[in-house]
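Analysis of the macromolecular model
Below are the chains, spelled out letter by letter.
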Amino acid sequence: MDKLKKLFGGINLTWPKLIIFAVIAGVYTAVMALIPALEYTSFNTITVTFEVWVFFGILIIMNSRSNLDSALKCFVFFLISQPLVYLIQVPFSYMGWSIFGYYKYWFIWTILCLPMGFIGYYMKKDKWWGYLILLPMIVLVADSYGTYLSRFIFSYPYYILIVLFCAATMILYPLAIFNDRKIRLIGAVVSCVLIIGLTVYSFLKPPVYSTDIMGSNDEHRFDSTYSVYLEDDRYGEVSIIPFPDGDGHLLHAEFKHAGRTVLTIEAPDGQKTEYDLLIERDYYEVNRK
């Protein structure tokens, strides 16, 4: 715990160190975004959600020297790292410079780093209201925990690292930031309750990816007299349903797990059409065999 205490307050975070830190964070995030094999893994999550950036922000706050120092260092860190993430991707992305359209969202959060860094510095005062300043960050990480636990259940064993990271940091922050035993205990208990609650909810209500795979047309011919099924039904269920307006039919899926399987459409006369099917949590790919 002493080493963790040093991490959360014992680092001489000079401006040169902060700038190097920001560049490393930006380059690392861009690389994670550019490697296709990492897209549906824990390593890619830093490119889309907050939990790792919350960790970076808290480290900066706890190793700053004043409210103003904290605010400016948080702001500059994100002002350097976030644009760098997109700048590095420009030559490799089909979007080119248009990829900076995504930066608008992160720029708003960069501006908000000024008040958040200023207020966040009060956590160093080791008072109960300091925990109230930390609590929204805990809730934000808890939201990521629930999201990625759901994805872990759907895409086992992927996302296990980010799930463990979120759970660990939720408990770590109050223990490492505060010295008051009551604050540390209450903080750890609140985090554990959130973790347990989200875990129970996620397993009682496992994720389902509900989508329409294809419609009946010249390329894919089927209607309510056809049967449709997956080679391995553990991936979910498929069915043929009418269009909402009653004109034609859709092949509907309720996917329960990520993976690869074969989708078969069988005509009333027994003729079968098979498709290779790739399933992810929010994406699928179907190709006729």
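Heads up: the structure comes first, above all this text.
Scope of this entry: the structure provided in the associated data block. Model, not experiment: these values are computed from the prediction.

Time to look at helix 5 (residues 103–120). Taking 1.5 Å as the rise per residue, helix 5 with 18 residues should run 26 Å; its terminal C-alpha atoms sit 24 Å apart, in good agreement. At Cys-113, helix 5 shows its largest kink, close to 35 degrees, and the proline Pro-115 lies no more than four residues downstream. Those residues of helix 5 that fall on the buried side of the exposure criterion are Tyr-103, Trp-106, Thr-110, Cys-113, Gly-117 and Gly-120. At its buried positions, helix 5 is contacted by helix 3 (51–62), helix 4 (67–89) and helix 6 (128–155).

Right, let's get into the nonpolar core. Phe-8, Phe-77, Leu-134, Tyr-173 and Ile-177 are the most contacted members of the largest nonpolar core, which totals 54 residues. If you list the elements that add at least two residues to this core, you get helix 2 (15–34), helix 3, helix 4, helix 5, helix 6, helix 7 (160–177) and helix 8 (181–204). With residues near it in sequence (within four places) discarded, Tyr-173 still touches Phe-8, Glu-51, Val-54, Phe-55, Ile-58, Leu-134 and Ile-138. Grouped together as the second largest cluster of nonpolar side chains are 18 residues, Tyr-209, Tyr-235, Ile-240 and Ala-253 included.

For the bond from Tyr-156 to Pro-157, the omega torsion is 5 degrees, close enough to zero to count as cis. Along the polypeptide, Pro-157 turns up in the loop between helix 6 and helix 7. Residue Asp-126 is not a glycine yet carries a positive backbone phi of 60 degrees. In this fold, Asp-126 is placed in the loop between helix 5 and helix 6. Within the chain, Tyr-159 stands out as a residue other than glycine whose phi angle is a positive 75 degrees.

All right, on to the packing of aromatic side chains then. Inspection of every chain in the model, using the stated rule, returns 25 aromatic pairs. Between Phe-100 and Tyr-103, the ring centres sit 6.4 Å apart and the planes meet at 80 degrees, which makes this aromatic pair edge-to-face. Looking at Tyr-103, the relative accessible area reads 13%, which means it is buried. Relative to Trp-106, the ring of Tyr-105 has its centre 5.8 Å away and its plane inclined at 80 degrees; by these criteria the two rings are edge-to-face. Exposure remark for Trp-106: the relative accessible area of 6% places this residue in the buried category. Here the aromatic cluster, defined as three or more aromatic residues joined through ring pairs, consists of Phe-8, Phe-21, Trp-53, Phe-55, Phe-56, Phe-77, Phe-78, Phe-165 and Tyr-173. If you follow Lys-73 out to its NZ or CZ, it ends over the ring of Trp-15, 5.7 Å from the centre. Over the face of the ring belonging to Phe-154 we find Arg-281, whose NZ or CZ atom lies 5.2 Å from the ring centre.

Conventions we followed
- Per-chain numbering applies: the sequence of each chain, read as written, is numbered from 1 onward.
- Only residues with pLDDT of at least 70 get local features here, since the model is predicted, and only at 80 or more are side-chain atom pairs given and counted; chain-wide, interface and lining totals rely on the full set of residues.
- In computing side-chain values, all of the structure's heavy atoms are included and hydrogens and water are not.
- Secondary structure is summarised from DSSP: a helix means a run of H or I of at least four residues, a strand means a run of E of at least two, and numbering begins at the N terminus for each.
- Expected span, for any helix, means 1.5 Å times one less than how many residues it has.
- Fitting one axis to the seven residues ending at a residue and another to the seven starting there, the bend at that residue is the angle between the two axes.
- Each residue gets one of three labels from its accessible area relative to the maximum for its type: buried under 20%, exposed over 50%, partly exposed in between, using a 1.4 Å probe on protein chains only.
- A contact between two residues is defined here by any heavy atoms of the two lying within 4.5 Å.
- Residues belong to a common nonpolar core when they are buried Ala, Val, Leu, Ile, Met, Phe, Trp, Tyr or Cys residues joined through side-chain atoms within 4.5 Å.
- Classification of ring pairs uses Phe, Tyr and Trp, with its six-membered ring standing for Trp, and accepts pairs whose centres are within 6.5 Å; under 30 degrees between planes counts as stacked, over 60 as edge-to-face, and the remaining range as tilted.
- Put simply, a charge is over a ring when the Lys NZ or the Arg CZ is close to the ring centre, within 6 Å, and near the line of the ring normal, within 35 degrees.

Purely geometric numbers; function is a separate question.
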